[in-house]
Amino acid sequence: MAEDDFTRTGTGTSGRGAGHRATTTPARHRSRAPFAAHPALRWWLAPVGQRRWAVAGLAALASLTALIAYVGSGPEAEPGSPGVPAGVGRPTGFPAVEANGSDTGPASPGLRPRQRPPSVAPTPSVTTPTPAPALLTVSQGDIPAEVDLTAAGPRDWVHWGLRGGDSTVRKRNGSGEIADEGGRGARGGWDGNQEVFSWRDGAAVRAASGTPNGVYTCGAGNGFALAVAGSGELRTVRLYAGLWMARGRLEARLSTGGPTTTLRMEDPHTSRSAEFTLRFRAPRGARLLINWSTEKVFTGDCGNVGVQAVALR
């Protein structure tokens with residue numbers, strides 16, 4: 001029997017009939033519709049080259065997503081800071097953040113100018129000079145045989161007794177810093193002093209040469225009071241004074257206070273004279289105060305103290 005006959009009759013070479021084949025599973029047929037596989041399965045079934053490009057794209061997308069999340073979650077970092085790739089800067093349109101407040105370089109173009117503190121000139125220190133301390137010294141010496149008051153008193157000088165007990169001659173255009181403050185006792189003039197005085201710049205008597213005149217006052221406790229103005233500088237005063245049969249006491253002090261300096265001179269038998277030199281420093285407005293008086297007399301016939309002149313240098 002031919003082969004096609006077996007097919008049609010359902011009888012094979014084994015002799016089994018069609019009834020036996022009816023109980024078997026029908027034969028499968030391949031569908032002509034497109035294969036509907038899961039996307040992941042399609043990716044794995046893709047060619048190897050396409051899978052490589054897909055992996056690289058996914059990695060780049062993941063890196064970009066992480067960078068955006070990092071930048072948006074924290075404060076803006078400077079380019080070149082740790083954790084930020086080189087070349088990644090600030091977004092344009094935002095003011096620059098100062099990395100160092102001490103930077104004094106030029107501002108970047110297009111950004112807000114850096115704020116700098118105004119320049120303040122240093123305040124010059126002012127040193128106030130310390131005033132020199134007050135000073136007073138007194139010494140005693142002999143009067144020269146002739147005294148030139150013009151040379152001895154370049155600032156000021158005064159002479160007493162040229163024309164009697166009330167006569168006074170002062171330095172013409174002098175400073176006027178010597179003041180005659182009077183004193184106790186009536187004054188008298190005499191012309192018996194051992195020393196003589198001269199000047200060339202006097203007023204009201206312009207010049208005199210070799211005059212021995214002076215003034216005196218009799219009795220214990222009487223005398224003369226003088227004052228000299230201070231200027232803050234060291235000054236020298238020379239007082240030309242004398243006595244007759246008496247003990248004289250010189251007292252000097254500053255009007256600003258401090259101790260009083262006292263010198264004594266006496267002659268119980270005749271006359272005696274001396275040049276008292278007083279060096280002092282007192283502030284402007286203060287004065288040197290001088291008192292020359294009779295402390296004791298040795299005769300009831302007008303024991304006295306007297307003055308001839310005073311000069312200021």
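Thresholds applied
Residues numbered from 1 in each chain as written. Predicted model: local features only at pLDDT ≥ 70, side-chain atom pairs only at ≥ 80, totals over all residues. Heavy atoms only, no water. Helix = DSSP H or I, 4+ residues; strand = E, 2+ residues; numbered from the N terminus. Buried < 20%, exposed > 50% of the residue type's maximum accessible area, 1.4 Å probe, protein only. Contact = heavy atoms within 4.5 Å. Core = buried A, V, L, I, M, F, W, Y, C linked by side-chain atoms within 4.5 Å. Salt bridge = Lys/Arg side-chain N within 4 Å of Asp/Glu carboxyl O. pLDDT = per-residue confidence, 0-100. Pairing = 2+ DSSP bridges. Axes fitted to C-alpha atoms, helices over the stretch in contact; angles between N-to-C directions. Phe/Tyr/Trp six-rings, centres within 6.5 Å; stacked < 30°, edge-to-face > 60°. Polar contact = N/O pair within 3.5 Å; in protein donor to acceptor, adjacent residues only side chain to side chain.

## Some words on the environment of threonine 256
Tracing the backbone through its elements, the reader meets threonine 256 in the loop between strand S12 (235–254) and strand S13 (261–281). Exposure remark for threonine 256: the relative accessible area of 47% places this residue in the partly exposed category. The sequence separation of threonine 256 and alanine 282 amounts to 26 residues, and the corresponding C-alpha distance is 7.7 Å. Ignoring sequence-local partners within four residues, the contact set of threonine 256 consists of Pro283 and Ala286.

## Re the nonpolar core
Note on soluble globular proteins: their nonpolar side chains tend to be buried together. Within the largest apolar cluster, 30 residues are counted, with the highest numbers of intra-cluster contacts made by Val237, Leu239, Leu288 and Trp292. Residue assignment for this core shows that the elements contributing at least two residues are strand S1 (135–141), strand S3 (156–160), strand S11 (223–229), S12, S13, strand S14 (287–297) and strand S15 (304–312). Counting residues per element, this core draws most heavily on S12, at 7 residues. If sequence neighbours within four positions are ignored, leucine 288 has contacts with Leu136, Leu226, Ala227, Val228, Val237, Ala252, Arg253, Leu254, Leu278 and Phe280. Counting 13 residues, the second-largest nonpolar core is a separate cluster that includes Ile143, Val147, Trp199 and Ala311.

## So, the pattern of salt bridges
In the structure shown here, the tally under the stated rule is 12 salt bridges. The partner of arginine 155 in a salt bridge is glutamate 177, with the nearest N and O atoms 3.1 Å apart. Of this pair, arginine 155 sits in the loop between helix H5 (149–152) and S3 while glutamate 177 sits in the loop between strand S4 (168–171) and strand S5 (178–180), and the two are 22 residues apart along the sequence. A salt bridge links glutamate 266 to arginine 247; its shortest N-O distance comes to 2.7 Å.

## With respect to the confidence of the model for the chain
When pLDDT is averaged across the chain, the result is 79; 62% of the residues are at 70 or more. Note that residues 1–35 has pLDDT below 50 and, in this model, 11 contacts with residues that lie over four places away or in other chains. Note that pLDDT drops below 50 for residues 77–84; the model gives that stretch 8 contacts with residues more than four away or on any other chain.

## Let's talk about the sheet that holds strand S2 (residues 146–148)
Taken in spatial order, the 3 strands of this open sheet run S2-S7-S9, and their pairing is mixed. Two strands close off the open sheet at either side, each with one partner strand: S2 and strand S9 (208–211). Across the sheet, the mean angle from the axis of one strand to that of its neighbour is 15°, orientation sign disregarded. Of the pairings in the sheet, the one linking strand S7 (residues 196–199) to S9 comprises 2 bridges and is antiparallel in character.

## Notes on the packing of aromatic side chains
In this description, an aromatic ring pair is defined by two values, namely the gap between the centres and the angle between the planes. Here the structure, examined in full by the defined rule, presents 3 aromatic pairs. Their ring planes at 75° and their centres at 5.5 Å tell us that phenylalanine 197 and tyrosine 240 sit as a pair that is edge-to-face. Placement of phenylalanine 197 in strand S7 and of tyrosine 240 in strand S12 is noted, with a sequence separation of 43 residues between them. Each member of the pair phenylalanine 197 and tyrosine 240 is classed as buried.

## Structural notes on the side chain of serine 293
Within the fold, serine 293 resides in strand S14. A polar contact of 3.5 Å, which involves the side chain of serine 293, links it to the side chain of asparagine 291. Here serine 293 is in contact with Asn222, Gly223, Arg247, Gly248, Arg249 and Val305, once residues within four sequence places are set aside.

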